[in-house]
Amino acid sequence: MSNDSGPAQISYLPPTVKRSAKILIAGHFGVGKTTLVGSISEIEPLRTEEPITQASTAVDDLTQLPQKDETTVALDFGRLTLNERLVLYLFGTPGQRRFWPLWDDLAHGALGALVLVDTRRLDESDAVLAFMEERDLPYAVAVNEFTGARRFPEHEIRQALDLAPHTPLLLCDARARDACLDALITLVHYLAHRLEIRP
Ligand SMILES: Nc1nc2c(ncn2[C@@H]2O[C@H](COP(=O)(O)OP(=O)(O)O)[C@@H](O)[C@H]2O)c(=O)[nH]1
Ligand SMILES: [Mg+2]
């Protein structure tokens, strides 16, 4: 598969790549998971978006998401060659609560997760972080800075999310490839340190 308009043009993995890691891109509904996988994948991302229907508006909170007209119903899948040895396979989770039973399958074999959060709806991230904690899946947290969202100092976000001091917390814009790349590099360094492997 090629992607002429995408962020990168690599279709085949370089022969030097010997290791792969499965990474979960997690977060609540509308936090920017599909956007992030689309920004960073070097292959055309597999997207399983469906239009949001009228029936959904009673169930899903769309108040902060005026432009959101599609939602992920199974997963987002993308690929990122991080360096000459390591490729990441990115699995974006479906955000709506009724799809959460799928998360266990998606998390199977994952090395860790990047959890996206939105400072306008931090409480919605509690269940996402609890999922990671319960499964002992190491994670980093990336604040997807939406236009117009209030900015908070890092320590306040850490406190609100009850993050452990060692959990990486960073800012990103899910639409910007470089910011997403920085977030994933931070996560991989953290995982390498936690799991004592060389990235
Ligand atoms: N302003 C702004 N909008 C964003 C950003 N990331 C995502 N969006 C928009 O927010 C909506 C939800 O994003 P989406 O990636 O579908 O969220 P998902 O449900 O987590 O997969 C979409 O309309 C995106 O265009 C961002 O960083 N800034
Ligand atoms: Mg999505």
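- In the nomenclature of an unreviewed UniProt entry, the chain is known as ATP/GTP-binding protein of Streptomyces noboritoensis.
- Under the heading Sequence similarities (unreviewed entry), UniProt records this for the chain: "Belongs to the GPN-loop GTPase family."

### Digging into unusual backbone geometry
Stage number 1. Even without a glycine there, the phi angle at D136 is positive, about 60 degrees.
Stage number 2. Inspection of the secondary structure assignment puts D136 in the loop between α4 (126–134) and β6 (139–144).
Stage number 3. The class of D136 is exposed, set by a relative accessible area of 63%.
Stage number 4. The phi dihedral of D162 falls on the positive side, at around 60 degrees, and the residue is not glycine.
Stage number 5. Given a relative accessible area of 67%, D162 falls into the exposed group.

### Some thoughts on the packing of aromatic side chains
Stage number 1. One pass over the structure, following the stated rule, counts three aromatic pairs.
Stage number 2. An angle of 5 degrees between the planes, with centres 6.0 Å apart, marks the rings of F77 and Y89 as stacked. With a gap of 12 residues between them, F77 in strand β3 (residues 70–81) and Y89 in strand β4 (residues 86–92) connect regions that are remote in the sequence.
Stage number 3. Between the aromatic rings of F77 and F91, the centroid separation amounts to 5.0 Å while the plane-to-plane angle is 65 degrees, which identifies the pairing as edge-to-face. Linking F77 in strand β3 with F91 in strand β4, this pair joins segments that are 14 residues apart in sequence.
Stage number 4. Taken together, the aromatic side chains of F77, Y89 and F91 make up a single cluster linked through ring pairs.
Stage number 5. Cation over ring: K22 sits above F91, and NZ or CZ is 4.6 Å from the ring centre.

### A few points about the environment of L88
Stage number 1. For L88, the location among the structural elements is in strand β4.
Stage number 2. On the basis of relative accessible area, L88 is assigned to the buried category, the value being 0%.
Stage number 3. Sequence-wise, L88 and R19 are 69 residues apart; in three dimensions their C-alpha atoms are separated by 8.6 Å.
Stage number 4. Apart from the residues within four sequence positions on either side, L88 is in contact with A21, I23, G78, R79, L80, L82, L184 and V188.

### Observations concerning the site of ligand 1
Stage number 1. Contacts to ligand 1 come from 16 residues, most closely from K33, T34, T35, K68 and N144.
Stage number 2. N144 places a polar side-chain atom, nitrogen or oxygen, 2.7 Å from an oxygen atom of ligand 1.
Stage number 3. Calculation on ligand 1 without its partners gives an accessible area of 580 Å², and the protein chains cover 87% of this total.
Stage number 4. Considering only residue class, the shell around ligand 1 consists of four nonpolar, eight polar and four charged.

About the cut-offs
Throughout, a residue's number is its position along its own chain's written sequence, starting from 1. All chains are assigned letters beginning at A, and all ligands numbers beginning at 1, according to the order in which they are written. In keeping with the predicted nature of the model, local features appear solely for residues at pLDDT of at least 70, side-chain atom pairs appear and are counted solely at 80 or more, and the whole-chain, interface and lining totals rest on all residues. As a rule here, side-chain values come from all non-hydrogen atoms in the structure, and water together with hydrogens is ignored. UniProt positions are given in the numbering used here, feature names are shortened, and annotations may be inferred rather than shown by experiment. Under the scheme used here, helices are H or I runs from DSSP no shorter than 4 residues and strands are E runs no shorter than 2 residues, and both carry numbers assigned from the N terminus. Burial classes: relative accessible area under 20% of the type maximum marks a residue as buried, over 50% as exposed, and values in between as partly exposed (1.4 Å probe, protein chains only). Each pair of aromatic rings taken from Phe, Tyr and Trp, with Trp reduced to its six-membered ring, is defined by centres within 6.5 Å and is described as stacked if the planes are under 30 degrees apart, edge-to-face if over 60, and tilted in the remaining cases. Whether a charge lies above a ring is judged from NZ of Lys or CZ of Arg, which has to be within 6 Å of the ring centre and within 35 degrees of the ring normal. Two residues form a contact once any of their heavy atoms are found within 4.5 Å. Whether a residue is near a molecule or strand depends on its heavy atoms: if one lies within 4 Å, it is near. Polar contacts, as used here, are pairs of N or O atoms within 3.5 Å; protein pairs need one atom able to donate a hydrogen and one able to accept it. Residues neighboring in sequence count only if both atoms are side-chain atoms. To measure how exposed things are, a 1.4 Å probe is used in the Shrake-Rupley method; for residues, cover is taken only from the protein chains shown. The nonpolar class holds Ala, Val, Leu, Ile, Met, Phe, Trp, Tyr, Cys and Pro. Asp, Glu, Lys and Arg form the charged class, and all remaining residues, Gly among them, are polar.

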